Amino acid sequence: MLEFAMLVIMVTTLVALLVAYRRGRQGFQPAEPESGTLYVTGVSPRPDAVGEQFVTITGNLFGPSVPETVVYGRFVWDVNQWPAIGDYIPVVYPHGKPDRWQIAHPGGRPGLGS
């Protein structure tokens, strides 16, 4: 009886390992992000420095699955392409979650710690 129980445990463990291995190879496929637009209503002043600097942007995000939503974020931005109030910036976000938006603009990238 003890040998049968050990055999069942070993087979169950082997099956669990095979399932985990197959799942790991296929990976997790998240849903496609949605594209939206951010209308800039506020931006931190452009610094006198050169290269990339931190910028804080506030604006109204709108897209296909969300109504107009006020959002803000801090990014590293090239000072030669500094955003301005009234700009429309392309963004992406998970379906229905505009608070997790990201810039889809060549001048900006996420800031450290954001």
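Calculation criteria
Residues numbered from 1 in each chain as written. Predicted model: local features only at pLDDT ≥ 70, side-chain atom pairs only at ≥ 80, totals over all residues. Heavy atoms only, no water. Pairing = 2+ DSSP bridges. Helix = DSSP H or I, 4+ residues; strand = E, 2+ residues; numbered from the N terminus. Patch = residues over 30% accessible without salt bridge, like charges linked within 9 Å, V, L, I, M, F, W, Y side chains within 5 Å. Areas by Shrake-Rupley, 256 points an atom, 1.4 Å probe, with all protein chains shown as cover. Salt bridge = Lys/Arg side-chain N within 4 Å of Asp/Glu carboxyl O. Core = buried A, V, L, I, M, F, W, Y, C linked by side-chain atoms within 4.5 Å. Buried < 20%, exposed > 50% of the residue type's maximum accessible area, 1.4 Å probe, protein only. Phe/Tyr/Trp six-rings, centres within 6.5 Å; stacked < 30°, edge-to-face > 60°. Lys NZ or Arg CZ within 6 Å of the ring centre and 35° of its normal. pLDDT = per-residue confidence, 0-100. Contact = heavy atoms within 4.5 Å. Polar contact = N/O pair within 3.5 Å; in protein donor to acceptor, adjacent residues only side chain to side chain.

(A) Just the pairing of strand 2 (residues 52-62), in detail. Of the strand pairs in this sheet, strand 1 (residues 34-43) and strand 2 are connected by six bridges, and their pairing is antiparallel. Each bridged residue has a counterpart across the sheet, and for valine 43 the counterpart in strand 2 is isoleucine 57. Bridge count for strand 2 against strand 3 (residues 69-78) is 10 bridges, and the pairing is antiparallel. Bridge pairing in strand 3 places valine 55 opposite phenylalanine 75.

(B) Focus on a nonpolar patch on the surface. Together, Leu7, Val11, Val15 and Val19 give the surface a local cluster of nonpolar side chains, amounting to about 330 Å² of exposed area. Checked against the element boundaries, leucine 7 lands in helix 1 (residues 2-26).

(C) Focus on the nonpolar core. Ranked by internal contacts, the top residues of the largest apolar core, which has 16 residues, are Leu38, Ile57, Leu61, Trp77 and Trp101. Taken together, the elements giving at least two residues each to this core come down to strand 1, strand 2, strand 3 and strand 4 (88-93).

(D) Summary view of the packing of aromatic side chains. Per the stated rule, a full pass over the model turns up two aromatic pairs. The aromatic ring of phenylalanine 54 is capped on one face by arginine 74, whose charged end is 3.9 Å from the ring centroid.

(E) Representation of the confidence of the model for the protein in the model. When pLDDT is averaged along the protein, the result is 83; 84% of the residues meet or exceed 70. When mean pLDDT is compared element by element in the protein, strand 1 scores highest at 94, while strand 6 (residues 108-110) scores lowest at 57.

(F) Representation of the environment of threonine 69. Mapped onto the fold, threonine 69 is located in strand 3. If we skip the residues at most four places from it in the chain, threonine 69 touches Gly59, Asn60, Leu61 and Pro98. Here proline 67 takes part through its backbone oxygen, which lies 2.8 Å from a polar atom of the side chain of threonine 69.

(G) How the structure looks around the environment of glycine 86. Along the chain, glycine 86 turns up in the loop between strand 3 and strand 4. Residue glycine 86 is classed as partly exposed on the basis of its relative accessible area of 29%. Once the C-alpha coordinates of glycine 86 and threonine 41 are considered, the two residues, 45 residues apart in sequence, prove to be 6.3 Å apart. Beyond its immediate stretch of four places on either side in the chain, glycine 86 contacts Tyr39 and Val40.

(H) Spotlight on the environment of valine 91. By the element assignment, valine 91 lies in strand 4. Along the primary structure valine 91 and isoleucine 103 are separated by 12 residues, whereas in three dimensions their C-alpha atoms are 4.6 Å apart. Excluding residues within four positions of it along the chain, valine 91 makes contact with Glu34, Ser35, Gly36, Thr37, Leu38, Leu61, Trp101, Gln102, Ile103 and Ala104.

(I) Examining the side chain of asparagine 60 more closely. With respect to the helices and strands, asparagine 60 occurs in strand 2. For asparagine 60, a relative accessible area of 16% gives the class buried. A polar contact of 3.3 Å, which involves the side chain of asparagine 60, links it to the side chain of glutamate 68.

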